Amino acid sequence: MAYHSDTQAVHGGREDFRELGVHAPPLDFSTTYPVPSLESGRDSIDALAQGKANADSPIYARLHNPTVDRYEKAFAAMEKAEASIAFASGMASIHGVLQALRIRDMQDGVKRNRIIAVRPLYGCTDHLLACGLLGFDVTWVNQDRIADEIDETVALIVVETPANPTLSLVDIESVVTQSGGVPVMVDNTFATPLLQQPLELGATFSVHSGTKYLGGHGDVLAGIVATNEEWAARIRQVRILTGGNLHPMAAYLLHRSLPTLALRVERAQENARTLVDRLAAHPQVAALYYPGFADSDPTDIVGRQMKGTGSVITLEMHGGFAAATSMMQNVKLFTPAVSLGSTDSLIEHPAGLTHRIVAEEGREEGGITEGMIRIAVGIEYIDDLWVDLEQALESLPVLTRRTA
Ligand SMILES: Cc1ncc(COP(=O)(O)O)c(C=O)c1O
């Protein structure tokens, strides 16, 4: 019987506990493992080097780790994926996908050098694609014009939905329909697998910064890719060769956070909904970006593709950059800091921080302005959050209210 995802989150990767006689996941810090015999060691190395998920012996921690493997299995079930591959950070997981494209090219004896991407993306993802470090040329397009750009040189289509920091939504099914069979990578960090499952909609990769909701407590740097077994084998090969492995302690913490993911996501989302209503009525706020607005979601992506609205809100201040700076300085309960998805609420300035690495024209194309601030809502008591935001808004000079 298939369990509901909330139950799956509590029990995933723990199926053998009775057999093992334990109630918490064993934490394996070994960097090397005894090989039963040279022959079996060789077989295990061959299997892992080909990208298999398991072998008789883990051999060495860069090739396999049982604690990480346990978390990967639990997470893959939540994404309804055949497999998932964990990395030391979200950026390492995106790098893993990009390098796996090279492995496919070597297998196929062709070179596909172009990536089609929809802005905005998280700042470092945008920069990684735009700077050409990995030898790909990127074509930035509107989500409705992807089909126009497809040819045999395209290796990957990259989208983020909801996108960082404007919360704009991308229709995954439409992207897949336009792709002509080119793999589609969806950054699912803002939604989590509880609100959105990109592989069910035809995407090939769902990537996450596990540093956010999946870790959930602001103390783990992590990334993960959910995909099919064919791509998973290539991505594991990249991980073995480039070593961006997730540490087993981080995997243990991520696995421990999975059972409370639904509670945290739901509470933060409920808080965000209330804050949006109150912010919308405040005269210092010029515009709000939030997936729950009908005009930002004309094709009903919320409901059809995404089960909720998430817990990030971006606002445009009437007073522009000066007001955004003051807001960040004036909050007392919110922490002025990048990142999101933690139990506590954070506030940051995308143009100056998370997206500073993106060239000015890229920020402009992605709709990222100097007067924008991004709020990552946590699970605190709602009225305490509002009181803090309200006093920060009220402490802005009255003058700025007239400068819209
Ligand atoms: C949407 C998104 N994707 C990827 C990343 C990169 O993840 P990490 O910081 O874990 O490398 C981030 C980080 O903020 C992000 O917001």
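Rules used throughout
- Residues numbered from 1 in each chain as written.
- Predicted model: local features only at pLDDT ≥ 70, side-chain atom pairs only at ≥ 80, totals over all residues.
- Helix = DSSP H or I, 4+ residues; strand = E, 2+ residues; numbered from the N terminus.
- Rg over C-alpha atoms; globule rule 2.2 N^0.38 Å.
- Buried ≥ 20, exposed ≤ 12 C-beta atoms within 10 Å, placed from the backbone.
- Contact = placed C-beta atoms within 7 Å.
- Near = placed C-beta within 6 Å.
- Nonpolar A, V, L, I, M, F, W, Y, C, P; charged D, E, K, R; others polar.
- Pairing = 2+ DSSP bridges.
- Axes fitted to C-alpha atoms, helices over the stretch in contact; angles between N-to-C directions.
- Left-handed = near helix turned anticlockwise from the far one by under 90°.
- pLDDT = per-residue confidence, 0-100.

## Notes on the overall build of the chain
A tally of regular secondary structure across the chain gives 16 helices and twelve strands. Taken against the 2.2 N^0.38 rule, which gives 22 Å for 404 residues, the C-alpha radius of gyration of the chain at 22 Å falls within 12% of a compact globule. Reported as C-alpha extents along the three principal axes, the dimensions of the chain are approximately 75 × 50 × 35 Å. When each of the 404 residues of the chain is scored for burial, the buried share is 50%. Of the contacts made within the chain by residues no fewer than 6 positions apart, 72% connect residues no fewer than 24 positions apart.

## Description of the site of the ligand
By nearness alone, 14 residues border the ligand, and S89, G90, Y122, S209 and T211 come closest of all. Here the shell around the ligand is built from residues that sort into four nonpolar, eight polar and two charged.

## What about the sheet that holds strand β6 (residues 205–209)?
With mixed pairing, the seven strands of this open sheet are ordered in space as β1-β7-β6-β5-β4-β2-β3. At either end of the open sheet lies a strand with only one pairing partner, and these are β1 (83–87) and β3 (137–140). With direction set aside, neighbouring strand axes in the sheet form an average angle of 20 degrees. Here four bridges tie strand β2 (residues 114–117) to strand β4 (residues 154–160), and the two strands are oriented parallel to one another. Paired with I115 across the two strands is L156, which belongs to β4. Seen against the sheet, helix α5 (residues 90–108) touches β1, β4, β5 (184–187), β6 and β7 (223–227) and runs at an angle of roughly 40 degrees to β7.

## Considering the sheet that holds strand β9 (residues 312–317)
Pairing is mixed in the open sheet, where five strands are placed in the order β8-β9-β12-β11-β10. For this open sheet the edge positions go to β8 (285–289) and β10 (335–336), each flanked by a neighbour on one side alone.

## Points about the pairing of β7
Among the five residues in β7, five count as buried, and that is most of the element. Residues G223, V225 and T227 line one face of β7 and the alternating positions I224 and A226 line the opposite face, and both faces are buried. Relative to β7, β1 runs antiparallel, the two sharing five bridges. What sits directly across from A83, in β7, is T227. Examined bridge by bridge, β6 and β7 share four bridges and lie antiparallel to one another.

## Points about helix α6 (residues 123–130)
For α6, the tally of buried residues reaches six of eight residues, placing the bulk of the element in the interior. Within α6 the residues assigned to the buried category are G123, T125, D126, L128, L129 and A130. Summarising the contacts, the buried residues of α6 are in contact with α5, β2, β3, β4, β5 and α15 (360–365). G132 sits one or two positions beyond α6 and adopts a positive phi of about 75 degrees.

## Re the environment of P36
Turning to its location among the elements, P36 is positioned in the loop between α2 (17–20) and α3 (38–49). P36 sits in the exposed class, given 11 other C-beta atoms within 10 Å. For the pair P36 and V182, spaced 146 residues apart in sequence, the C-alpha to C-alpha distance is 43 Å.

## Topic: the packing of helix α12 (residues 261–280) against helix α16 (residues 382–394)
Each pair of packed helices can be summarised by the angle the axes make with each other and by the distance between the axes. Relative to each other, α12 and α16 sit at 35 degrees, their axes nearing to 10 Å. For α12 against α16, the interelement crossing comes out right-handed. Judged by residue contacts, N271, T274, L275 and R278 of α12 engage I382, L385, W386 and L389 from α16. Looking at the contact of α12 with α16 residue by residue, the class counts come to five nonpolar, two polar and one charged.

## Here's the deal with unusual backbone geometry
Following R119, the chain continues into P120 via a peptide bond in cis, with omega recorded as 0 degrees. Within the secondary structure, P120 is located in the loop between β2 and α6. With an omega of 10 degrees, the peptide bond running from N164 to P165 counts as cis. Take P165: it is sitting in the loop between β4 and α8 (172–178). One non-glycine residue, K80, lies in the positive phi region at around 55 degrees. Structurally, K80 can be placed in the loop between α4 (66–78) and β1. A positive phi angle, near 60 degrees, is found at L167, a position not held by glycine. Counting through the fold element by element, L167 comes out in the loop between β4 and α8.

## Focus: the confidence of the model for the chain
A residue-level look at the chain finds 98% of positions with pLDDT of 70 or above and a mean pLDDT of 96. Residue range residues 399–404 is modelled with pLDDT below 50. Its contacts to residues more than four positions away, or to other chains, number twelve contacts.

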